[in-house]
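Okay, here's what each chain looks like letter by letter:
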Amino acid sequence: MKKEVQALNARLAQLEKEKSQPAAQETLVRQQDAKVIANTSAGDVPATPKTENSDNVLGVLQQPIMLYHGHDTSLHIYGIIEGTISGWSNQPNANGNGKPSWATGFQTAWFSGNRLGFDVDHALTSAEKFGLPDLKVIAKLEAEFESPSGNMDTPGVLFNRDAWIGFQSPELGKLTFGRQNTVTRDFTQTWGDPYGTPFVSLNEGGYSNVNNFKQIIFYSASSTTTRNDSGIVWKKSFLGDHMIVGLDYSFGSQGVGGSGNGGIGNMPLLDGGGGSPGQFKVGSNQAISLAYNNLEVGGGQLSWNVNYNRSSCGNFGDDHCDASDPSAGNYVNQNTNQAFLTGGTYVFDGWRVGAGYIRYIAQQHTNTGNLGDRKDNVWIVDGTIPVRPISKDLDLYWGAWEAFGHNSALYAGNNLVVLPFFISTANSTKTVNGSRINATVSLMYHLDKQTDIYFAYDYQLGRGGWSHTLFDTQGNGGGPSLRAETTGIGTGVRLKF
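Everything quoted here is computed from the prediction, not taken from an experiment.

Caption draft 1: Geometry of the overall build of the chain. Across its full length, the chain holds 3 helices and 20 strands. Looking at the 497 residues of the chain, the share that counts as buried comes to 47%. The long-range fraction of contacts in the chain, counting pairs at least 24 apart against all pairs at least 6 apart in sequence, stands at 63%. Per element, the accessible surface of the chain, about 22,500 Å² overall, is 61% carbon and sulfur.

See the structure below:
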């Protein structure tokens, strides 16, 4: 007993010494972390705590590289570098002379946006007094660049993919503020793209990058495309991780104040980006999503989600859903764009099948009248097949979708090109009916957990009034091809770190 008391006293003395020397302890931790990073090869990721904030968009790298880990704070860096060489038929001529042809060369990465990101986790020990002992502050900054040139994906915008801060705990869920994915996108990527995750988590989720198949991502979008500016997102898991609920609200982002991403006519707002005075709802976005994960069915796991999103659009003649009319000094003809999306996946012994349905309805008021509502119906099926007879590291991805559009507005002054989703129709004067089908297949060989090489094929066909709506698939800035179909083939390599 006497020896045990002496040992306890010695341990208490050691703890008091450590408490009195926090700076020395912090220095030691930093030195240890620096040593781990210095001794890590390119293919060896150091073991780091797995948190909800330590996934990249595609969910392919579970433990990004730790830059710093203190008593309460950790900082990780992660990224993806991908290079794609491709060829596409019926690409628009740069001179705009209506004679599209085959184009070959590097393109914006086929599968993954090239990115460099930082995740921060900070444990709030003081939150114990509020009954949230596991509460932490989380933040993400993520930039995208183009591997063929090194240019920013969005010129002049550094963190165009993510720039948010928030809180997370098992009791609270995950609550984030700033530029981030629409919550609908995070849920529908499980079935809307053959390369998505098999079920929904609290992390952001992505579609593939630049190919025609992924175009249905824009039904999961908002007035600021597939990411919300000035957004608030809440997600929480229930029943373990079986049920996930997501809510999404973003303020109008091209009025006064805020983040400076907008402008009026040719006059940029030096400190613009917030809502418009007296027009609180204009340009705002709302969404709700519900997912049920991994229900045991027939020896496999069934996951399903249902989603609704909408945007309230001011209507002036430019590409911003929530832009204002500089001559009137206020917003005109607000349009409501909304989408209902549902689908799921079934995973069995490495095989995955996904399927879904989308209904899109958009009001189309113009400066001169009302074109009536646009109504789209979309069906999707896709999947993954492990090609084990050849190699356990080889996967075949496949997918097909068909979209039918009724009463779709055309670009002002162009009687051929259908307007995208969640966009102003103010200057449009004509609508059309049409459809589009797409099919894709790819082989991807996983050299290891971080490196993939692939070959991909993509085919798209427009019919009826949608037969001349195909833009430059390679992302090189061309206009519509004025052809009803396009075919693409590509090969590349992708490294995740």
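Further notes follow.
Caption draft 2: Quick look at the packing of aromatic side chains. According to the stated counting rule, one finds 13 aromatic pairs in the structure shown. Between the aromatic rings of Trp110 and Phe111, the centroid separation amounts to 6.5 Å while the plane-to-plane angle is 45°, which identifies the pairing as tilted. Both residues of the pair, Trp110 and Phe111, count as buried. Measuring from centroid to centroid gives 5.2 Å for Tyr249 and Phe251, while their planes differ by 90°, and the two rings are edge-to-face. Owing to a relative accessible area of 23%, Tyr249 belongs among the partly exposed residues under this scheme. Members of the aromatic cluster, connected to one another through ring pairs, are Trp88, Trp110, Phe111, Tyr195, Tyr397 and Tyr454. Sitting over the face of the ring of Phe238, Lys236 holds its NZ or CZ atom 4.6 Å from the ring centroid.

Caption draft 3: Looking closely at the pairing of strand S15 (residues 351-362). Looking at chain direction, strand S14 (residues 335-348) and S15 are connected through 12 bridges and run antiparallel. Directly across from Tyr346, in S15, lies its bridge partner Val353. Here S14 folds back onto S15, and the loop between the two strands holds 2 residues, one of which, Asp349, carries a positive phi near 55°. Taken together, the 11 bridges between S15 and strand S16 (residues 374-386) define a ladder with antiparallel strand orientation. Residue Val353 lies in a different strand from S16, and its bridge partner there is Gly383.

Caption draft 4: Representation of the nonpolar core in the model. Among the nonpolar cores identified, the biggest contains 20 residues, and Tyr219, Ile358, Tyr360, Val378 and Ile380 are the most heavily contacted of them. Elements supplying a minimum of two residues to this core: S14, S15, S16 and strand S17 (394-409). The leading source of residues in this core is S15, at 3 residues. Filtering out sequence-adjacent residues up to four positions away, Ile380 remains in contact with Trp191, Phe213, Ile216, Gly354, Ala355, Gly356, Tyr357, Ile358, Ala400 and Trp401.

Caption draft 5: Molecular detail of the pairing of strand S6 (residues 162-169). The pairing of strand S5 (residues 136-144) with S6 spans 7 bridges and is classified as antiparallel. Its bridge partner lying in S6, Ile138 is registered against Gly166. One ladder, built from 7 bridges, connects S6 with strand S7 (residues 173-181); its direction is antiparallel. Following the sheet pairing, Ile165 is matched in S7 by Phe177.

Caption draft 6: Quick peek at the pattern of salt bridges. Taken as a whole and judged by the stated rule, the model has 13 salt bridges. Between Lys136 and Asp121 there is a salt bridge, with the nearest N and O atoms lying 3.2 Å from each other. Highlighted residues: Lys136 in strand S5 and Asp121 in strand S4 (residues 115-123), separated in sequence by 15 residues. Via salt bridges that share partners, Glu142, Glu144 and Arg161 belong to a single interconnected network.

Here is what the cut-offs are and how they apply
- Residues numbered from 1 in each chain as written.
- Predicted model: local features only at pLDDT ≥ 70, side-chain atom pairs only at ≥ 80, totals over all residues.
- Heavy atoms only, no water.
- Helix = DSSP H or I, 4+ residues; strand = E, 2+ residues; numbered from the N terminus.
- Buried < 20%, exposed > 50% of the residue type's maximum accessible area, 1.4 Å probe, protein only.
- Contact = heavy atoms within 4.5 Å.
- Areas by Shrake-Rupley, 256 points an atom, 1.4 Å probe, with all protein chains shown as cover.
- Phe/Tyr/Trp six-rings, centres within 6.5 Å; stacked < 30°, edge-to-face > 60°.
- Lys NZ or Arg CZ within 6 Å of the ring centre and 35° of its normal.
- Pairing = 2+ DSSP bridges.
- Core = buried A, V, L, I, M, F, W, Y, C linked by side-chain atoms within 4.5 Å.
- Salt bridge = Lys/Arg side-chain N within 4 Å of Asp/Glu carboxyl O.

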